[in-house]
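Coordinate inspection notes
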Amino acid sequence: MKITRIETLVCHARMRNWVFVKVLTDQPGLFGWGEATLEWHTRGVVGAIEDLSQLLLGEDPTRVEHLWQMMWRQHFWHGHGIVRSTAIAGIDLALWDIIGKIHGVPCHKLWGGPVRDTIRLYCHLGGGSMESFYETPVDNAKRFAELAQQALAEGFTAFKSMAVPSTMPIEGLKPIKAAEACVAAMRQAVGSDIDIMVDCHARPSPAMGMQFAKALEPYGLYFLEEPCWPESIDGLAAINAAVTTPIATGERMTHLAAFRDLFAARGCEIATSSANRFTTTNRGVTRLCRRGSGSISPRVR
Ligand SMILES: [Mg+2]
């Protein structure tokens, strides 16, 4: 069996494009789908997939680990840059899809079977409206409370919000108080039985992230996500040590060594590894978590 062609399909998805990867084989009707979405890097990822395909054409698609190593190591540069790692992950996912189809099983059967019979879901505030999630101003605490009640009415027991504004590396109390008011309004609106998460999108500096984390600590967040710049493992570790709120991060990390360093510094309690970026790598992250490094909150973008 051989890989004969690798195609990309770009879909307009409003605030970004979705990028899908189709790996075709010489077996009639046998192909695999993967996803390699990387917001605002569409051409880079599509080009990287085209470059990587030179390594894969004519290869056996079922040798996933071998092909992953080739894609990671070949052509001088390793694959940890965000564009290439996303391209690798999209192809990798499509290869797993092919193996699943060959054996007639879902991929989880190839990876040891399901661990849980059910999973708990949270929604983004706004229930799928990206504008509600990304563009609700943090000086409108009342709106955050309304959206929180809406999530509750839709049956969710947990939701995530962007209740922290973007800030300069150092700012005064105003953004801290605004974030606190939003979280306080949401907590008051839904009570203590509902879990609230706040995603800072890695925008605060370590100094501002520390202030946000301390101000929001009394509201019992389920987790506080990316409270500071992702490259500042020291900053993440300091914040994680300073508050009881579990810190989540990792969606911008592209390889296992980065997670190893993050866990070694106790930079988070929850690894938020993106399934469509690091499929084979994710299995390693899961194993690191299982060794006592933390929990994992997988997501598909
Ligand atoms: Mg996030």
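Fair warning: this is a prediction, and the values are worked out from it, not measured in the lab.

**What to know about the overall build of the protein**
Broken down by element type, the protein carries eleven helices and ten strands. Taking 19 Å as the expected radius of gyration for a compact globule of 301 residues, we find that the protein reaches 21 Å, a close match to that expectation. Principal-axis analysis of the C-alpha atoms places the extent of the protein at approximately 60 × 40 × 35 Å. Out of the 301 residues belonging to the protein, those deemed buried represent 39%. Sequence separation of 24 or more characterises 64% of the internal contacts of the protein that already satisfy a separation of 6 or more.

**Quick word on the packing of helix α8 (residues 206-216) against helix α9 (residues 233-242)**
A pair of packed helices is captured by two measures, namely the crossing angle of their axes and the spacing between those axes. For the pair α8 and α9, the least separation of the axes is 10 Å and the interaxial angle reads 20 degrees. Looking at the two axes, α8 sits roughly parallel to α9. Note that α8 runs across α9; the crossing there is right-handed. From α8, Pro 206, Gly 209, Met 210, Ala 213 and Lys 214 reach across to α9, where they touch Gly 235, Ala 238, Ile 239 and Ala 242. Its residues assigned to classes, the contact of α8 with α9 shows six nonpolar, two polar and one charged.

**Describing the domain arrangement of the protein**
Domains assigned within the protein are domain 1 (3-110) and domain 2 (123-249). A separation of 34 Å is found between the C-alpha centroids of domain 1 and domain 2.

**Quick notes on the sheet that holds strand β3 (residues 31-35)**
Within a sheet, neighbouring strands are paired by backbone hydrogen bonds and run either parallel or antiparallel to one another. Judged by pairing direction, the sheet is antiparallel, and its three strands sit side by side in the order β1-β2-β3 without closing on themselves. Single-partner strands in this sheet number two, and they are β1 (3-13) and β3. Taken over all neighbouring pairs, the strand axes of this sheet differ in orientation by 20 degrees on average, direction set aside. Here ten bridges tie β1 to strand β2 (residues 16-25), and the two strands are oriented antiparallel to one another. Each bridged residue has a counterpart across the sheet, and for His 12 the counterpart in β2 is Asn 17. Running over the sheet, helix α1 (residues 42-56) touches β1 and β2 and is turned about 170 degrees from β1. Sheet strands touched by helix α3 (residues 82-103): β1, β2 and β3. Its angle to β3, the strand with the most contacts, is close to 145 degrees.

**Overview of helix α2 (residues 64-73)**
It helps to recall that an α-helix has 3.6 residues per turn; residues three or four apart then point in one direction. For α2, the complete set of buried residues consists of Val 64, Leu 67 and Met 71. Down the axis of α2, the sector holding all buried residues measures 70 degrees, keeping them to one side. In α2, the exposed positions angled more than 90 degrees off the buried face are occupied by Glu 65, His 66 and Arg 73. His 75, located one to two residues past α2, shows a positive phi value of around 65 degrees.

**Considering the sheet that holds strand β7 (residues 223-225)**
The sheet built from seven strands is open, its strands ordered β4-β5-β6-β7-β8-β9-β10 with parallel pairing. Edge strands, defined here as strands with exactly one partner in the open sheet, are β4 (123-124) and β10 (295-296). Taken together, the two bridges between β7 and strand β8 (residues 247-249) define a ladder with parallel strand orientation. Paired with Leu 224 across the strands is Ile 247, a residue of β8.

**Concerning unusual backbone geometry**
With the exception of glycine, most residues fall at negative phi, and the peptide bonds are largely trans. Backbone geometry at His 75 places phi at a positive 65 degrees, although glycine is not the residue there. Secondary-structure assignment places His 75 in the loop between α2 and α3. Judged by the 13 C-beta atoms lying within 10 Å of it, His 75 falls in the partly exposed class. A positive phi is found at Arg 266, a non-glycine position, where the angle reads about 55 degrees.

Rules used throughout
Residues numbered from 1 in each chain as written. Predicted model: local features only at pLDDT ≥ 70, side-chain atom pairs only at ≥ 80, totals over all residues. Helix = DSSP H or I, 4+ residues; strand = E, 2+ residues; numbered from the N terminus. Rg over C-alpha atoms; globule rule 2.2 N^0.38 Å. Buried ≥ 20, exposed ≤ 12 C-beta atoms within 10 Å, placed from the backbone. Contact = placed C-beta atoms within 7 Å. Axes fitted to C-alpha atoms, helices over the stretch in contact; angles between N-to-C directions. Parallel < 35°, antiparallel > 145°, perpendicular 65-115°, else oblique. Left-handed = near helix turned anticlockwise from the far one by under 90°. Nonpolar A, V, L, I, M, F, W, Y, C, P; charged D, E, K, R; others polar. Domains from an automatic or database assignment. Pairing = 2+ DSSP bridges. Arc of directions from axis to C-beta.

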